[in-house]
Amino acid sequence: HRPSPPLLLRLLREPWPGLFTAMERIIELQEEYFATDLDIGDHMLSWSEGEVVAYFESGGLSTPADTVSVAPSFSEVQSSADARTVRSMDDARDELLAEDEPADGGAHALGIDEEPALEDAMLDGLMASVPVTTRTLPSSDEACRQQQPAPAHPPPADPLTAYSVKELKEALRRAGVDASSFTEKSELVAAVARLPPASGGAAAAAPPAAAAAPPSEKGRRAVVKAQDIKKNADRCFGDRDYPKAELKYSKCIELLSAPEIASEADVAELRGALLSNRSACRAHLNRHGDALADGRAALAARPGWARAHSRIGFALFSLRRHAEARDAYEAGLAANPANADLQQGLASVLKELGATAGASPAAAAAKQRGNAAFAAGDNEAALSAYTEAIALAPHDEALYSNRSAANARLGRWPAALEDGKRAISLRPGWGKAYSRAGLAALSGGDEEGAYWYFANGLRREPQSPELAKGREGAIAALCSASTARHKRRLERAAMDASRPPARIFAVSDVHYDHPGAHEWGRSLSGELYRDDAIILAGDIGDTYDAVRLCLRQFRRCFRRVFYVPGNHDMWIRPKGQHSDEPARFADSVAKLLALWQLCDELAVDTGPAQLSTAAAVLPLESWYTHHFDHFDPRPGTVKFDKHCVWPMGYDGACRFMLRLNETKLAIPLRGDVITCSHFLPRQELPIPKMHEMAKGVGTVELDRQLRSAGSKLHIFGHTHINSIVEYDGVRYMQNALGYGIAPGQKLTVVHDKGLFREYLA
């Protein structure tokens, strides 16, 4: 636990042991009141114990009026280059930005009207058939009164609970009892209560044992706490934050499993609703196997419940286990014959069964022959049988998937890709179809297309090892010198080699979506720079559309435009923030590939080029690593660039970017080589004096790469600290324009008439 700066005066007044004793007490109260889902901080040290208890009992809603948190708002965090940072609390959950999958025919047919007012959280789109179930529950006070009649006199408080964990352990130690196996304070209290009455010796030092509190007291508290957390979970579900909602529902279910719960019957309805809601979250996350398990558990808690049958039926439907889904819906209708959800679910399953090979005996027979031939290795016979089955059942996506596999075995990659794409169009949420298409694209030489299929398939089935392995293969292929992109870069690298030397400009951090930048860009002369080149060293826009507008404007003015992406360019902003990018890009690698394709369309260079016999430009991809902080190279607590989604993690992203540079470095260049990147290549370069900023600005491996290319000048950005310094024969320059470009702002020339120069034009 690190004391924050506002506590320095308090630390001068109060000794360290007292401070940490207070924090230990807060942690004990947090555990005692089932509030481990709430955050605690240094600002709570100034609260009274009653205020801390009220905070925990209210689910974090009750705080002292004069308390001001010292932590910055999480919503203010933008990037490592902005002067706003915060410690990460729920990184993995907050990073998930994927939208719902497109509704396919069968799943869309499961849609129903909204549930009655008893339901707290609603499903939409694909999951409209299974709205989240909740019952209108009594208030916290009412829940306590309903579960146990109010005693005539309040039960006496157990004095043992007033002791700290440390004191209880000390009492057991003096009594000769090993306390190392206890993990909960309640276990320590029970152990001390079982000690013999103090009659001298070691037991005399133990806290006096008293009659244990009624076992239902803590159980009632657990139920009330579960109800409070459930309300927060329902809000997360309504905000489509399904991972966080799932975690909160899981916490509620854990609380209701506590041994202090007096009777399972008392919480059966609440437990069933929680399991049903968690099943809905998992269905949204395309974890249909887990959703099925929760649906069955909900049915066990509330036998005959229509909603539980609906959860089970939908999960089976999504797993393509149509016959079992039909049985689940029929079982639900046997107990609830008038339930509209179950009726519509059954109708959708029957419709889907009618569209597959199972509806046609001839198609089913052809499919069986194809499967047998495929298993025997007779791929031509399998291909013929699957083609026959498709003619009889043209809407069965499994037949196209099987034929894609047969074509793949025969090395017919275009045909395999077409069948995979057809299977996706028939069932957009099926991971196997994406796997078929991804394999065909990768084997056919389209690495970038293959990555799209594998990454989007993982959005549908995030736990698929087949798709994860395919994505890793596509990432490795992207770094190969045999890609079509590398071949195109080789062609562009020499196209201006014989031209006379021209001016080379360099800027970074244009931030084209900020006020003033768009107007400034449109004011640039279309004639003044027509023979020149410009380097854009990243952070030109937060969104794909902003990057497109910026690149297009510079391309209208300059003969050659060189671009490397920055962290802002890699963001995938949440839906609604002037962005539909969560639906467009599976992750930041997918966005990087889309930006490369945009550069192809606009004739913007992302690879090296010989601009004359006197000068060449080499763009280098880059990301940052915590190892860049030479004072403390350990991972930090600050979460930079929360809108980036890297499948390989942040350090993995740094290594991935460096690997992408290897093929560029193999292209020979001559004359004055000017390299560029967004992030910093040397630790000596100036960075903002902000907490842990050094962990989010660069990597020293980049300096080794630029020196291996013979660079004499390196252009970088990110930190918004414009400077030019020289280390070991290489000059390092930053020309960041920053947020809000002033009208008339001129550009910096770095090379002119075959010589290094620095002036504005």
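Higher on the page you've got the structure.
This is a predicted model, so every value here is computed, not measured.

Definitions and limits used
Residues numbered from 1 in each chain as written. Predicted model: local features only at pLDDT ≥ 70, side-chain atom pairs only at ≥ 80, totals over all residues. Heavy atoms only, no water. Helix = DSSP H or I, 4+ residues; strand = E, 2+ residues; numbered from the N terminus. Buried < 20%, exposed > 50% of the residue type's maximum accessible area, 1.4 Å probe, protein only. Contact = heavy atoms within 4.5 Å. Areas by Shrake-Rupley, 256 points an atom, 1.4 Å probe, with all protein chains shown as cover. Core = buried A, V, L, I, M, F, W, Y, C linked by side-chain atoms within 4.5 Å. 1 Å grid on protein atoms, 1.4 Å probe; cavity = no way out; pocket = protein on both sides within 12 Å on 5 of 7 lines; lining within 4 Å. Points joined across faces, edges and corners; volume = space filled by probe spheres on them. Nonpolar A, V, L, I, M, F, W, Y, C, P; charged D, E, K, R; others polar. Expected span 1.5 Å × (residues − 1). Polar contact = N/O pair within 3.5 Å; in protein donor to acceptor, adjacent residues only side chain to side chain.

Now for the overall build of the protein chain. Check the secondary structure of the protein chain and you find 29 helices and 11 strands. Burial status across the protein chain gives 53% buried among its 761 residues. Taking the intrachain contacts of the protein chain between residues at least 6 apart in sequence as the baseline, contacts between residues at least 24 apart amount to 68%. Accessible surface, the protein chain: about 33,100 Å² in total, of which carbon and sulfur atoms supply 54%.

Quick look at the nonpolar core now. Core analysis: the largest hydrophobic core is formed by 99 residues, its most contacted members being V510, L551, F554 and W623. Among the elements that take part in this core, helix α27 (residues 588-602) stands out by supplying 10 residues, more than any other. Every residue in contact with F554, bar those within four places of it in the chain, is listed here: V510, W520, L524, I534, L536 and V561. Ranked by size, the runner-up nonpolar core spans 40 residues in total, among them L275, A315, F317 and A328.

This paragraph deals with the environment of L524. Checked against the element boundaries, L524 lands in the loop between α24 (517-522) and β2 (533-536). Once you skip the residues sitting within four places of it in the chain, L524 turns out to touch Y529, F554, C557 and L747.

In this structure the tally under the stated criterion is three cavities of 30 Å³ or more. In this structure, the largest cavity spans a volume of roughly 120 Å³. For the largest cavity, the lining is made up of 15 residues, of which P500, A502, D531, A533 and L611 are closest to its centre. Grouping the constituent residues of the lining of the largest cavity by class yields seven nonpolar, one polar and seven charged.

Compared with an ideal rise of 1.5 Å per residue, which puts 13 residues at 18 Å, helix α18 (residues 397-409) spans 19 Å between its outermost C-alpha atoms and is within 8% of the ideal. Within α18, 12 of the 13 residues are buried, leaving the element largely enclosed by the surrounding structure. Looking at α18, one finds that the buried residues are E397, A398, L399, Y400, S401, N402, R403, S404, A405, A406, N407 and A408. Positive backbone phi, approximately 75°, marks G411, located one or two places after α18.

Tracing the backbone shows K695 in the loop between β6 (672-676) and α29 (701-708). A polar side-chain atom of K695 sits 2.3 Å from the main-chain carbonyl oxygen of D632. Once residues lying within four places of it in the same chain are set aside, the contact partners of K695 are Y624, T625, H626, D629, D632, P633, R634, P635, G636 and F640.

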